[in-house]
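Residue-level structure breakdown
One letter stands for each residue in the lines below.
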Amino acid sequence: QVQLVESGGGLVQPGGSLRLSCAASGNIFSIGDMGWYRQAPGQQRELVATMTRGGHTTYADSAKGRFTISRDDARKTGFLHMSSLKPEDTAVYYCNARIVQKTLEMSVYWGQGTQVTVSS
């Protein structure tokens, strides 16, 4: 009964900024590694950024220097702050996370996706 719910997507002009949120809820004991992915129309889903429970981050080359992944484990929420947005950033953005439930079962969950459109 774990769920990830994304918010913060929308229409933004090139060069603008946007912050995406991913809130986890349900029978959660702890949240492990998490990540953000995106999928443009007609394209494969690609990795954007990841963050371990310990705070280690990785970024796709396309995101490096412009995007920042973060997390607030107390609030069970992950974030992706995007700046200097480009039209090629237009995609549906998905969050995922490895979650340990209170039963100690561990599974990977995905959010429903949120649309980000960068256009003038």
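Note that this is a predicted model, so its numbers are computed, not measured.

Turning next to empty space enclosed by the protein. Tallied over the full model, the rule gives 1 cavity of 30 Å³ or more. Empty space within the largest cavity amounts to approximately 80 Å³. Along the walls of the largest cavity sit 13 residues, with Cys22, Ile31, Met34, Thr77 and Gly78 positioned nearest its centre. Residue assignment for the lining of the largest cavity shows that the elements contributing at least two residues are β3 (18-25), β4 (28-39), β7 (67-72), β8 (77-82) and β9 (91-101). Of the residues assigned to the lining of the largest cavity, the class counts are 6 nonpolar, 3 polar and 4 charged.

Two descriptors summarise a pair of aromatic rings, namely the distance from one centre to the other and the angle between the planes of the rings. Applying the stated criterion across every chain, the model contains 1 aromatic pair. Aromatic pair Tyr37 and Trp110: ring centres 4.9 Å apart, planes at 55°, arrangement tilted. Of the two residues, Tyr37 is situated in strand β4 and Trp110 in strand β10 (residues 106-110); the sequence distance between them amounts to 73 residues. With a relative accessible area of 21%, Tyr37 lands in the partly exposed category. In this structure Trp110 comes out as partly exposed when scored by relative accessible area, which is 37%. Cation over ring: Arg45 sits above Trp110, and NZ or CZ is 4.7 Å from the ring centre.

In terms of nonpolar packing, the biggest core is built from 28 residues, with Trp36, Leu80, Met82, Tyr93 and Ile99 touching the most fellow members. Those elements giving two or more residues to this core turn out to be β3, β4, β5 (46-51), β7, β8, β9 and β11 (114-118). Setting aside residues no more than four positions away along its own chain, Met82 makes contact with Gly16, Ser17, Leu18, Leu20, Arg66, Phe67, Tyr93 and Val116.

Here the focus is the side chain of Gln101. Along the chain, the position of Gln101 falls in strand β9. A polar atom in the side chain of Gln101 sits 3.1 Å from the side chain of Tyr109. With residues near it in sequence (within four places) discarded, Gln101 still touches Gln1, Val2, Asn27, Ile28, Phe29 and Tyr109.

What counts, and where the lines are drawn
Sequence positions are assigned chain by chain, starting from 1 and proceeding in written order. Owing to the predicted nature of the model, reporting of local features is limited to residues with pLDDT of at least 70; listing and counting of side-chain atom pairs is limited to 80 or more, with chain, interface and lining totals taken over all residues. Water and hydrogen atoms were dropped before computing side-chain values, which therefore reflect all heavy atoms in the structure. Any residue with an atom within 4 Å of a point lines the site, the site being either a cavity, points on a 1 Å grid over the protein atoms alone where a 1.4 Å probe fits but cannot get out, or a pocket, an open set with protein on both sides within 12 Å along at least 5 of 7 lines. Grid points are joined across faces, edges and corners, and a volume is the space filled by probe spheres set on the points. Strands are runs of DSSP state E lasting at least 2 residues, helices are runs of H or I lasting at least 4, and numbering of each runs from the N terminus. Charged residues are taken to be Asp, Glu, Lys and Arg, nonpolar residues to be Ala, Val, Leu, Ile, Met, Phe, Trp, Tyr, Cys and Pro, and polar residues to be all remaining types, Gly included. Stacked, tilted and edge-to-face are the three classes applied to pairs of Phe, Tyr and Trp rings, where Trp contributes its six-membered ring and a pair requires centres within 6.5 Å; stacked means planes under 30 degrees apart, edge-to-face means over 60, and tilted covers the rest. When a residue's accessible area, from a 1.4 Å probe over protein chains only, is under 20% of the maximum for its type it is buried; when over 50% it is exposed; and in between it is partly exposed. A positively charged side chain is recorded as over a ring if its NZ (Lys) or CZ (Arg) lies within 6 Å of the ring centre. The angle to the ring normal must also be within 35 degrees. We call a set of buried residues a nonpolar core when its members are Ala, Val, Leu, Ile, Met, Phe, Trp, Tyr or Cys and they connect through side-chain atoms within 4.5 Å of each other. Contacts are residue-level and defined by heavy atoms, with any inter-residue pair within 4.5 Å sufficient. Between N or O atoms, a polar contact is any pair within 3.5 Å; within protein, one atom must be a potential hydrogen donor and the other a potential acceptor, and residues adjacent in sequence are included only when both atoms are from side chains.

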